[in-house]
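Tertiary structure, described
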Amino acid sequence: MKIVKMKEVIKRFGDVIALDNVNLEIEEGEIYGLLGPNGAGKTTAISIICGLISFDRGEVYVFDKDIRKDAEFIKKNIGIVPQDVAIYGDLTAYENVKFFASLYGLKGKELKESVEMSLEFVGLSDKAKEVPNKFSGGMKRRLNIACAIAHRPKLIIMDEPTVGIDPQSRNHILESVKKLNEMGSTIIYTSHYMEEVEAICTRISIMDHGKVIAEGTKEELTSMVTDVNTVYIEIGSIDGIKEEELKGIKGVKAVEIRDSTIKITSLKDVSNFDDIIHYFISKNIPIRNLRNEIPDLETVFLTLTGRKLRD
Amino acid sequence: MRELFLVMKNTVKLFFRRKGNIILLISGIIIPLFFLLFTYGGSGQLRIGVVNRDKSQISTDLINSLEKTDKFKVVFLKENEINDKVSKGEVDSAIVIPQRFEEEILKGNPKDVEIVSIKGEETSLFLKSYLDRKINVLYNLSKASEGNKENFYKMYDLYKNSPFSLKTYIVEDIGKMAVATTRSLGFFIMFLMFSTFNISNFILVEKRDKTFYRIFASPLKPRTYLVSNFFVNLILAVFQIALILVLVTFILNLRLTKATFDVFLILVSFGITSIGLSSMIVAFSPSTSYSNTLSTLIITPTCMLGGAFWPLYLMPEALQKLSDFIPQKWAIDAIEKIQMGGSLSDVYMNIIILLAFALTFILLGIYKIKTSGKMGDFI
Ligand SMILES: Nc1ncnc2c1ncn2[C@@H]1O[C@H](COP(=O)(O)OP(=O)(O)OP(=O)(O)O)[C@@H](O)[C@H]1O
Ligand SMILES: [Mg+2]
């Protein structure tokens with residue numbers, strides 16, 4: 001079953017084209033990342049998946065159901081963590097989670113238990129009776145998550161859940177995303193922090209100006225921008241090393257020797273790591289340091305758009 | 001149904017958690033009551049100067065009946081003292097019973113009792129309504145006796161000793177309310193409007209605080225949410241109205257009568273109009289700052305124009321005509337009618353007009369929400 005399927009979706013806000021022919025397919029069990037700079041259209045895409053806003057063209061299916069026809073069923077099975085903290089500052093943490101969970105039909109003992117579990121899950125059990133007006137930013141963010149998970153949704157959507165919080169809360173949140181996924185929920189995770197997306201997502205869409213400009217696993221994405229693999233090898237002395245011999249190793253395209261570091265560029269789809277190492281060992285040259293350069297998503301974004309992800 | 005109840009419960013909870021809401025609710029009750037106490041004073045006895053040019057049995061009885069109610073204290077005046085005593089405030093009002101008062105009643109064309117007053121229309125209106133009722137009874141007796149003096153006095157004695165007096169009691173109670181309450185209920189009307197707006201505005205507050213986004217991501221229907229806001233608003237309005245009427249009755253040491261209930265019905269109708277207006281303001285406002293400004297710009301001036309703060313007749317004629325388009329006018333007009341001894345049948349037009357205003361406002365609001373494209377505009 002496809003959890004989400006967007007086909008050629010177009011969404012305009014007046015003159016602004018927020019989604020420009022967007023295609024997305026999200027499988028069950030994924031942690032799917034939506035990466036993109038401000039105004040890329042991430043929140044718009046999410047709001048459409050949740051049935052919160054209409055769209056101008058295209059088709060959207062969630063849980064194999066048409067969002068225009070089965071919005072109620074779809075909404076019931078989604079939990080959303082909105083980009084802006086969406087909680088009542090004057091209700092206690094417990095009352096907040098309880099109210100939102102009850103909108104999904106939970107009641108009685110089940111409701112009580114789910115609320116307690118959710119608060120426990122985000123580490124706010126001891127703050128259950130306090131009002132969020134007195135919470136720190138990180139605590140509010142955590143409560144924002146608790147409100148989305150009490151009804152145990154099949155799909156949890158998190159829209160930049162870590163904006164503006166301390167590293168400790170951020171790690172807590174990233175851990176809980178993974179845990180929620182292990183507990184059986186599919187996750188959509190948006191961010192413009194590429195480190196986060198790299199760390200937890202199984203698949204990623206990179207969005208810019210309303211378009212999906214690249215899609216795939218992290219490896220697939222990085223290989224899009226480069227078909228070579230670069231290794232830096234640092235040795236004590238370069239005496240006895242012949243450029244020609246290194247170039248003779250299969251797959252090697254270029255060798256560059258600078259001071260005591262050798263940069264070897266190979267074709268990506270040839271695995272020649274063993275051969276390269278073996279060359280140095282056979283010459284009895286000790287390797288001091290070895291670094292394999294993999295392009296990150298930042299490089300991918302830079303290559304595709306000519307801009308940095310964040311300024 | 002369950003959802004409706006859930007959201008209503010949550011809205012009530014939110015209402016009572018925010019101090020500002022409670023302050024608004026309480027001041028909406030307290031300030032009009034203070035105003036009432038201030039203008040009405042504690043004793044509540046009106047001093048009535050009396051000049052009796054007739055000196056007949058009927059006119060003496062009439063004066064005695066004034067005295068017998070503990071609402072009036074009768075002070076006999078000489079003809080040339082009237083203006084002096086009234087203007088110095090030694091009496092609140094003065095009445096002059098004309099010559100041949102009894103005679104004319106027997107003939108079937110009763111003469112008006114002249115009333116001199118400076119306390120404003122209301123004191124004299126109350127007195128007038130009291131006297132009108134009395135004289136009306138006499139007139140009816142005279143008509144029934146077909147000018148026969150003997151028959152008239154027979155019936156008159158019967159009337160005097162009958163438990164009919166109960167009816168005059170009601171009139172007195174209402175009249176006493178009329179003296180002081182119209183203005184304080186006028187203030188209450190303004191607070192009620194701010195209060196209903198405050199609750200309608202919860203929708204925009206939820207939008208501002210983003211809880212709106214979360215609510216509409218849930219399976220809850222937008223309609224359920226809007227209806228629940230309306231009901232909570234209505235419940236709190238009814239609560240405030242009932243509370244202020246009970247307190248007014250208590251403070252003025254009156255009994256709850258049918259008139260109190262009529263005023264209650266009028267105020268509730270006005271409450272519905274006010275909720276309709278508030279909902280419309282909210283539907284047309286993109287943000288809380290916008291709606292707050294808009295509501296202040298609408299509520300305060302219309303209360304002035306509608307006669308909530310001062311009697312309409314004090315305003316220029318053109319403005320008085322304009323007030324026909326203002327719901328407050330119809331509410332206050334109806335309250336005055338009831339206080340002058342009218343009944344529901346005298347004010348049903350006012351109530352219909354109020355409800356028509358309400359319907360118009362609500363339909364305009366719904367139209368605005370529908371045309372702005374689902375609730376999308378709201379997120
Ligand atoms: N309600 C709206 N009315 C008008 N324009 C909108 C609205 N919502 C979004 N937009 C526009 O659509 C575009 C996409 O916005 P969106 O919020 O989806 O971006 P985003 O990727 O979530 O950005 P961010 O990282 O800042 O949250 C932006 O240009 C934005 O200005
Ligand atoms: Mg966003």
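Parameters at a glance
- Residues numbered from 1 in each chain as written.
- Chains lettered and ligands numbered in written order.
- Predicted model: local features only at pLDDT ≥ 70, side-chain atom pairs only at ≥ 80, totals over all residues.
- Heavy atoms only, no water.
- Helix = DSSP H or I, 4+ residues; strand = E, 2+ residues; numbered from the N terminus.
- Buried < 20%, exposed > 50% of the residue type's maximum accessible area, 1.4 Å probe, protein only.
- Lys, Arg positive; Asp, Glu negative; His and termini not counted.
- Charge placed at Lys NZ, Arg CZ, Asp CG, Glu CD.
- Donors = N, O, S within 2.8 Å, 3.2 Å for Na, K, Ca; no water.
- Expected span 1.5 Å × (residues − 1).
- Arc of directions from axis to C-beta.
- Contact = heavy atoms within 4.5 Å.
- 1 Å grid on protein atoms, 1.4 Å probe; cavity = no way out; pocket = protein on both sides within 12 Å on 5 of 7 lines; lining within 4 Å.
- Points joined across faces, edges and corners; volume = space filled by probe spheres on them.
- Phe/Tyr/Trp six-rings, centres within 6.5 Å; stacked < 30°, edge-to-face > 60°.
- Pairing = 2+ DSSP bridges.
- Axes fitted to C-alpha atoms, helices over the stretch in contact; angles between N-to-C directions.
- Core = buried A, V, L, I, M, F, W, Y, C linked by side-chain atoms within 4.5 Å.
- Buried area = accessible area lost by both parts, 1.4 Å probe.
- Salt bridge = Lys/Arg side-chain N within 4 Å of Asp/Glu carboxyl O.
- Polar contact = N/O pair within 3.5 Å; in protein donor to acceptor, adjacent residues only side chain to side chain.
- Near = heavy atom within 4 Å.
- Areas by Shrake-Rupley, 256 points an atom, 1.4 Å probe, with all protein chains shown as cover.
- Nonpolar A, V, L, I, M, F, W, Y, C, P; charged D, E, K, R; others polar.
- Parallel < 35°, antiparallel > 145°, perpendicular 65-115°, else oblique.
- Left-handed = near helix turned anticlockwise from the far one by under 90°.
- Patch = residues over 30% accessible without salt bridge, like charges linked within 9 Å, V, L, I, M, F, W, Y side chains within 5 Å.

Quick look at the overall build of chain A now. Helix and strand counts for chain A come out as 11 helices and 14 strands. Principal axes of the C-alpha set define a box for chain A whose edges measure 80 × 45 × 35 Å. When each of the 311 residues of chain A is scored for burial, the buried share is 51%. For chain A, the distance from the average site of its 43 positive side-chain charges to the average site of its 49 negative ones is 4 Å.

Further remarks concern the coordination of the magnesium ion (ligand 2). Residue and element names in this part refer to chain A. Each protein donor to the magnesium ion (ligand 2) is listed here as Thr43 (OG1) and Gln83 (OE1); together their distances run 1.8 to 2.1 Å. Of this pair, Thr43 sits in helix α1 (residues 42-49) while Gln83 is found in the loop between β6 (78-81) and α3 (93-102), placing the two residues 40 residues apart along the sequence. Given the relative accessible area of 27%, Thr43 is considered partly exposed.

Further remarks concern helix α6 (residues 167-182) of chain A. Think of an α-helix as 3.6 residues a turn; residues three or four steps apart then line up on the same face. Residue and element names in this part refer to chain A. A rise of 1.5 Å per residue sets the reference length of α6, with its 16 residues, at 22 Å; its end C-alpha atoms lie 23 Å apart and thus fit the reference within 8%. Of the positions making up α6, those classed as buried are Ser169, Arg170, Ile173, Leu174, Ser176, Val177, Leu180 and Asn181. The buried side chains of α6 occupy one side of the element, clustering within an arc of 160° when seen end-on. The outward face of α6, more than 90 degrees from its buried face, is lined by the exposed residues Pro167, Gln168 and Glu182. Where α6 is buried, its residues touch β3 (31-35), α4 (108-121), α5 (137-149), β7 (155-159), β8 (186-191) and α7 (194-200). One or two positions beyond α6, positive phi appears at Gly184, with a value near 115°.

One pass over the full model with this rule turns up 3 cavities of 30 Å³ or more. Estimates place the volume of the largest cavity at around 40 Å³. Looking at the largest cavity, the residues that line it are Ile78, Gly79, Ile80, Phe100, Tyr104, Cys147, Ala148 and His151 of chain A together with Arg214 of chain B. Residue assignment for the lining of the largest cavity shows that the elements contributing at least two residues are β6 and α5 of chain A.

Residue and element names in this part refer to chain A. Counted by the stated rule, this structure contains 18 aromatic pairs over all chains. Centre to centre, the rings of Tyr88 and Phe100 are 5.7 Å apart; their planes meet at 0°, and the pair counts as stacked. Of the two residues, Tyr88 is situated in the loop between β6 and α3 and Phe100 in helix α3; the sequence distance between them amounts to 12 residues. Just as Tyr88 is buried, Phe100 falls in that class too.

Moving on: the sheet that holds strand β9 (residues 203-208) of chain A. All names here are of chain A. One open sheet holds the 6 strands; their spatial order is β6-β7-β8-β3-β9-β10, and the pairing between them is mixed. Lying at the two open borders of the sheet, with one neighbouring strand each, are β6 and β10 (211-216). Ignoring which end each strand starts from, the neighbouring axes of this sheet average 15° apart. One ladder, built from 5 bridges, connects β3 with β8; its direction is parallel. By the bridge assignment for β8, Gly33 is matched with Tyr189. Here α5 sits on the sheet and contacts β6 and β7; the angle it forms with β6, its principal contact strand, is near 170°.

Within the largest apolar cluster, 145 residues are counted, with the highest numbers of intra-cluster contacts made by Met6, Leu143 and Leu155 of chain A. Among residues more than four places away in sequence, those in contact with Leu155 of chain A are Ile3, Val4, Ile49, Val62, Phe63, Asn77, Ile78, Gly79, Thr186, Ile187 and Ile188 of chain A. In terms of nonpolar packing, the next biggest core, distinct from the first, is built from 25 residues, Phe72, Leu127, Leu131 and Tyr153 of chain B among them.

It is worth spelling out the interface of chain A and chain B at this point. The interface is formed by 31 residues belonging to chain A together with 24 residues belonging to chain B. For the pair chain A and chain B, the summed buried surface comes to about 2,600 Å²; carbon and sulfur atoms form 59% of the total. Across the pair Lys13 of chain B and Glu95 of chain A runs a salt bridge, and its minimum N-O distance is 3.6 Å. Counting across the interface, chain A meets chain B through 10 residue pairs in polar contact (both at pLDDT 80 or more).

Here we take up the site of ligand 1. Residue and element names in this part refer to chain A. Within the structure, ligand 1 sits among 14 residues, and Lys42, Thr43, Thr44, Gln83 and Glu160 are positioned closest to it. For ligand 1, whose unbound accessible area comes to 630 Å², protein coverage reaches 64%. Where the shell around ligand 1 is concerned, the elements lending two or more residues are β2 (16-27) and α1. Sort the elements by how many residues they give to the shell around ligand 1 and α1 lands first, with 3 residues. Among the residues forming the shell around ligand 1, the class breakdown is 5 nonpolar, 7 polar and 2 charged.

The next subject is the packing of helix α15 (residues 327-339) of chain B against helix α16 (residues 344-371) of chain B. Residues and elements named next belong to chain B. The interhelical angle for the contact between α15 and α16, taken along N-to-C directions, is 160°, at an axis separation of 9 Å. What the angle tells us is that α15 and α16 run roughly antiparallel. In this structure, α15 meets α16 at a crossing whose hand is left-handed. Between α15 and α16, the residues in contact are Pro327, Trp330, Ala331, Asp333, Ala334, Lys337 and Ile338 and Leu344, Asp346, Val347, Asn350, Ile353, Leu354, Phe357 and Phe361, respectively.

Take the pattern of salt bridges next. Applying the stated criterion to the full structure yields 26 salt bridges over all chains. Among the ionic pairs, Lys210 of chain B bridges to Asp84 of chain A, the shortest N-O distance being 4.0 Å. Here the residue Lys210 of chain B occupies a position in the loop between α9 (202-208) and α10 (211-217), and Asp84 of chain A occupies one in the loop between β6 and α3, the pair thus bridging two chains. Taking relative accessible area as the criterion, Lys210 of chain B reaches 32% and is therefore assigned partly exposed.

Residue and element names in this part refer to chain A. Notably, Glu8 is not glycine yet its phi reads approximately 45°, a positive angle. Here Glu8 is to be found in strand β1 (residues 2-13). Even without glycine at this site, His209 takes up a positive phi of about 50°. Along the chain, the position of His209 falls in the loop between β9 and β10.

Time to look at a nonpolar patch on the surface. Residue and element names in this part refer to chain B. Together, Ile26, Ile30, Ile31, Phe34, Leu37, Phe250 and Ile251 give the surface a local cluster of nonpolar side chains, amounting to about 670 Å² of exposed area. Those elements that provide at least two residues to the nonpolar patch are α2 (19-40) and α11 (222-251). The leading source of residues in the nonpolar patch is α2, at 5 residues. Counting through the fold element by element, Leu37 comes out in helix α2. Owing to a relative accessible area of 41%, Leu37 belongs among the partly exposed residues under this scheme.

Residues and elements named next belong to chain B. Where helix α12 (residues 258-284) meets α15, the axes come as close as 10 Å, and the angle between the chain directions of the two elements is 175°. Judged by the angle between their axes, α12 and α15 are roughly antiparallel. Each of Ala259, Asp262, Val263, Ile266, Leu267, Phe270 and Thr273 in α12 lies in contact with α15, whose residues at this interface are Pro327, Gln328, Ala331, Ala334, Ile335 and Ile338. Taken together, the residues that form the contact of α12 with α15 break down as 10 nonpolar, 2 polar and 1 charged.

If you trace the backbone, Thr182 of chain B turns up in helix α8 (residues 165-200). Along the primary structure Thr182 of chain B and Ile332 of chain B are separated by 150 residues, whereas in three dimensions their C-alpha atoms are 7.3 Å apart.

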